[in-house]
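Residue-level structural notes
Spelled out from the first residue to the last, the chains are:
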Amino acid sequence: MLEIRDLHVKFHNRDREAVAGIDLTIEDGEILGLVGESGSGKTVTAMSIAGLLPRKQCDYRGDIFLNGEDLLHADRKLLRKIHGKEIGVVFQDPMSAMDPLMKVGEQVAEVLRIHTDLDAAARRERAIRAMAQVELQEPEKLYDKYPHELSGGMQQRAMIASAIVIEPALLLLDEPTTALDVTIQAQILKLLKRLNQESGISMLFISHNLNVVRKLCARVAVMQKGKIVETGTTEQVFYHPEHPYTKHLIEAIPTRELARAMKAGGVK
Ligand SMILES: Nc1ncnc2c1ncn2[C@@H]1O[C@H](COP(=O)(O)OP(=O)(O)OP(=O)(O)O)[C@@H](O)[C@H]1O
Ligand SMILES: [Mg+2]
């Protein structure tokens, strides 16, 4: 469904390419993990897919196809159409992504106002359904609340609701749980897995934490300095890493998890 071919992105004010020729595919219904150290190009990759590259500030080349449609070189109008309908995006910090002055439910429904002909009542109904899907309790009541009245975990659920309300084919998640405490993080991961299983939505899940990715993703790609240095099933990458950088990432996982991996005969 999503195919990236030889993607390069170089910002004018940088010497080094942020993305230095990557190939990546995401199959229908797949959750692909993208891991790597800070500055390795994960977010720029997601921005390229999401049509959020500041095109005037960078040079870019290569191809990004979503179900055969070229995203990287599409004009603004087509991009807006594709991105609203086919791709949902969730970022790390829900508070900064939400409009503090707009009711939570209205924010979830907003994408429907832009991209569908549904009337206000139907939009409200769809938004409430999406809020229930992400396990927000009493969504009718929550609809009229403002973001600051929600906990961090609830805000992130609301962001996921607004990303899935239009039923996109692909969800881009850029460190969606990093700002949350461990318990809430685990709940969100479970929720994402359930959404994937129930609706077959494909996901790109970005994290610098290989351990979080291991719990969610069937396949993982490892980025370093703008390149993908290793790709494989999560099993392969976690238990039989080949690239020194991947080994290094795995060694950074807390001891208890590492011990488990070593027991399985993987990390040397
Ligand atoms: N708008 C921009 N202008 C100039 N350089 C940028 C811009 N956005 C990103 N970069 C640079 O591109 C490189 C890749 O950044 P990117 O944000 O993709 O890293 P990342 O892997 O997401 O890191 P992190 O784990 O910290 O989120 C970095 O060197 C970064 O400084
Ligand atoms: Mg990033």
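Structure shown above.
Residues numbered from 1 in each chain as written. Chains lettered and ligands numbered in written order. Predicted model: local features only at pLDDT ≥ 70, side-chain atom pairs only at ≥ 80, totals over all residues.

Looking only at helices and strands, the protein features 12 helices and 10 strands. In terms of overall size, the protein behaves like a compact globule, its C-alpha atoms giving a radius of gyration of 19 Å where 268 residues would be expected to give roughly 18 Å. Along the first, second and third principal axes, the C-alpha set of the protein runs to 60 × 45 × 30 Å. Within the protein, the proportion of its 268 residues that are buried is 40%. Long-range pairs, those at least 24 residues apart, make up 64% of the contacts in the protein with a sequence separation of at least 6. (Helix = DSSP H or I, 4+ residues; strand = E, 2+ residues; numbered from the N terminus. Rg over C-alpha atoms; globule rule 2.2 N^0.38 Å. Buried ≥ 20, exposed ≤ 12 C-beta atoms within 10 Å, placed from the backbone. Contact = placed C-beta atoms within 7 Å.)

Moving on to the site of ligand 1. Lining the immediate environment of ligand 1, one finds 15 residues, of which F11, A18, S38, K42 and T43 sit closest. Here the shell around ligand 1 takes three residues from helix α1 (residues 42-50), the largest share from any one element. Grouping the constituent residues of the shell around ligand 1 by class yields four nonpolar, nine polar and two charged. (Near = placed C-beta within 6 Å. Nonpolar A, V, L, I, M, F, W, Y, C, P; charged D, E, K, R; others polar.)

On to the sheet that holds strand β3 (residues 31-36), then. Strand order across the open sheet formed by six strands is β6-β7-β8-β3-β9-β10, with mixed pairing between neighbours. Lying at the two open borders of the sheet, with one neighbouring strand each, are β6 (87-90) and β10 (227-233). Neighbour-to-neighbour, the strand axes of the sheet open up by a mean angle of 15°, direction not taken into account. With four bridges joining them, β3 and strand β8 (residues 202-206) adopt parallel strand pairing. (Pairing = 2+ DSSP bridges. Axes fitted to C-alpha atoms, helices over the stretch in contact; angles between N-to-C directions.)

Turning next to the sheet that holds strand β2 (residues 19-26). Sheet strands pair via backbone hydrogen bonds, and the direction of the pair is either parallel or antiparallel. Pairing is antiparallel in the open sheet, where four strands are placed in the order β2-β1-β4-β5. With partners counted over all chains shown, the strands left at the sheet margins are β2 and β5 (69-70), one partner each.

Once that is clear, we can look at the nonpolar core. Membership of the largest hydrophobic core comes to 72 residues, with the highest contact counts inside it found for V108, M131, A161, L171, L172, L204 and F205. Ranked by residue count, the leading element in this core is helix α7 (residues 152-164), at seven residues. Each residue touching V108, except ones within four places of it in the same chain, is listed here: A127, A130, M131, A158, A161, S162 and V165. (Core = buried A, V, L, I, M, F, W, Y, C linked by C-beta atoms within 7 Å.)

Looking now at unusual backbone geometry. Even without glycine at this site, E167 takes up a positive phi of about 55°. By the secondary structure assignment, E167 is in the loop between α7 and β7 (170-174). A count of 12 C-beta atoms within 10 Å places E167 in the exposed class. For E175, which is not a glycine, the phi torsion comes out positive at approximately 50°. Inspection of the secondary structure assignment puts E175 in the loop between β7 and α8 (182-199). Since 19 C-beta atoms lie within 10 Å of it, E175 is described here as partly exposed.

Contact geometry of helix α4 (residues 104-115) with α7 gives a least axis separation of 7 Å together with a crossing angle of 25°. When the interaxial angle is binned, α4 and α7 end up roughly parallel. Classified by chirality, the crossing of α7 by α4 is right-handed. Taking contact as the criterion, the partners of V104, Q107, V108, E110 and V111 in α4 are, on α7, A158, A161 and S162. (Parallel < 35°, antiparallel > 145°, perpendicular 65-115°, else oblique. Left-handed = near helix turned anticlockwise from the far one by under 90°.)

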